[in-house]
Amino acid sequence: MKCSKLISLFLTIFAVLPLCSCGEKKASATELAMDTVINLTVYGKRCDEALQAGLDEIRRIDAMMNAHSEDSEIARLNSIGIGEEAELSDETVYVMKKALELCEKTDGAFDISIKPLSDLWDIGADEPRVPSEEEIDMALSKIGYRDIKINGNRVSFAKEGMQIDLGAVVKGYCADRIVEIFRSYGIKNALIDLGGNIYALGKNENGGDWRIGLQAPQEMRGEPFAVENLSDKTAVASGSYERYFESDGKIYHHILDPETGYPADSGLISVTVIGKSSLEADMLSTAIFVMGCEEFDKIAGEFDFEKYIAVDKSNKVITYER
Ligand code: AMP
Ligand code: MG
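Definitions and cut-offs
- Residues numbered from 1 in each chain as written.
- Chains lettered and ligands numbered in written order.
- Predicted model: local features only at pLDDT ≥ 70, side-chain atom pairs only at ≥ 80, totals over all residues.
- Heavy atoms only, no water.
- Donors = N, O, S within 2.8 Å, 3.2 Å for Na, K, Ca; no water.
- Helix = DSSP H or I, 4+ residues; strand = E, 2+ residues; numbered from the N terminus.
- Buried < 20%, exposed > 50% of the residue type's maximum accessible area, 1.4 Å probe, protein only.
- Axes fitted to C-alpha atoms, helices over the stretch in contact; angles between N-to-C directions.
- Parallel < 35°, antiparallel > 145°, perpendicular 65-115°, else oblique.
- Left-handed = near helix turned anticlockwise from the far one by under 90°.
- Contact = heavy atoms within 4.5 Å.
- Nonpolar A, V, L, I, M, F, W, Y, C, P; charged D, E, K, R; others polar.

(A) Expanded view of the coordination of the magnesium ion (ligand 2). Within the protein, the magnesium ion (ligand 2) binds to Ala 168 (O), Asp 282 (O), Asp 282 (OD) and Thr 286 (OG1); these donor distances fall in the range 2.1 to 2.7 Å. In primary-sequence terms, the residues that donate to the magnesium ion (ligand 2) follow A-x113-D-x3-T. Separated by 118 residues along the polypeptide, Ala 168 in the loop between strand S7 (154–157) and helix H6 (170–184) and Thr 286 in helix H7 (residues 278–291) bring together distant segments of the chain. Thr 286 shares its class with Ala 168; the two are buried.

Given below as structure tokens:
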């Protein structure tokens with residue numbers, strides 16, 4: 001099958017930055033990390049130290065939880081066979097348990113054991129292709145969060161070939177950790193942007209709320225369909241236009257439906273979740289994208305978020321507010 005390569009990495013939400021300055025000391029950095037472009041902007045007396053500590057934290061968490069780096073805890077876990085177990089850190093177990101709660105509540109629409117399927121589609125790779133039905137069935141047989149067993153810090157798999165991927169969770173956890181670190185340096189105002197995963201702390205340079213643009217899914221990058229004013233809140237987006245490829249005129253994106261084995265087709269093309277916990281918002285944006293609004297709204301009351309804004313294929317905007 002001939003694939004026309006059209007892989008893209010869009011920032012699905014972005015800061016609309018003010019022009020003038022309040023005179024507070026400022027430090028900022030842009031780096032490639034966690035497979036995306038990250039940008040930290042910090043204001044305050046100890047902004048240089050805080051910025052460095054924030055960047056170090058991103059590297060630390062990535063080295064621990066990135067399923068695709070060879071010596072991470074998750075890579076170590078993914079290398080075990082049936083009857084074996086991996087001893088993981090408290091932190092990795094904490095993130096896994098949080099994610100597993102969502103797997104349970106969404107009845108597997110969100111599933112961190114998705115890796116055999118995401119590896120098969122390999123949507124971020126150089127030569128992505130549409131797998132055969134047999135390949136998809138084989139990958140699906142290795143998926144099922146209920147077969148992940150956690151006993152204290154020891155984790156094992158009850159199914160051959162299982163592997164986990166915390167790609168839908170880690171940036172959210174990381175953003176929350178950076179907020180804690182910044183606060184420990186006395187920082188009140190900052191913008192943490194982990195590529196479509198934003199935490200807006202305090203106020204912007206003009207003393208107003210941070211203005212976060214939501215990318216219009218079918219417009220040029222940087223073209224928002226709405227702007228949210230945020231202070232001490234996170235906004236996390238999942239979209240089918242973030243990473244994808246085109247084959248025979250059809251778009252295949254990176255958020256997969258563990259039931260069908262194909263890219264999720266709930267009718268949505270973008271979901272942004274706003275709240276206080278970036279970990280929760282990160283997981284939920286992915287889950288809502290897979291489930292669709294109607295299904296998710298039935299269980300929405302169980303989660304810790306303030307609002308979501310979804311866009312469907314006909315560009316209709318659907319907003320849910322608590
Ligand atoms: P996000 O961009 O936060 O929506 O996360 C997308 C990433 O999560 C993908 O690149 C996969 O690594 C992983 N993923 C894809 N589909 C699912 C799913 N149904 N449940 C959990 N993780 C998924
Ligand atoms: Mg996510």
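(B) Inspection of the packing of helix H1 (residues 47–65) against H6 at higher detail. For the pair H1 and H6, interaxial distance at closest approach is 9 Å and the crossing angle is 150°. In terms of orientation, H1 and H6 fall into the roughly antiparallel class. The handedness of the crossing between H1 and H6 is right-handed. Only Val 170, Tyr 173, Cys 174, Arg 177, Ile 178, Ile 181 and Phe 182 of H6 make contact with H1, whose side of the interface consists of Ala 50, Leu 51, Ala 53, Gly 54, Glu 57, Ile 58, Arg 60, Ile 61 and Met 65. Per-class residue counts for the contact of H1 with H6 are 12 nonpolar, one polar and three charged.

(C) Layout of the environment of Ala 200. Within the secondary structure, Ala 200 sits in strand S9 (residues 197–201). Look at Ala 200 and you get buried, because its relative accessible area is 0%. Taking the C-alpha atoms as reference points, Ala 200 and Ile 212, separated by 12 residues in sequence, lie 8.6 Å from one another. With sequence-adjacent residues up to four places away left out, Ala 200 is seen in contact with Ala 190, Leu 191, Trp 210, Leu 230, Ser 231, Asp 232 and Lys 233.

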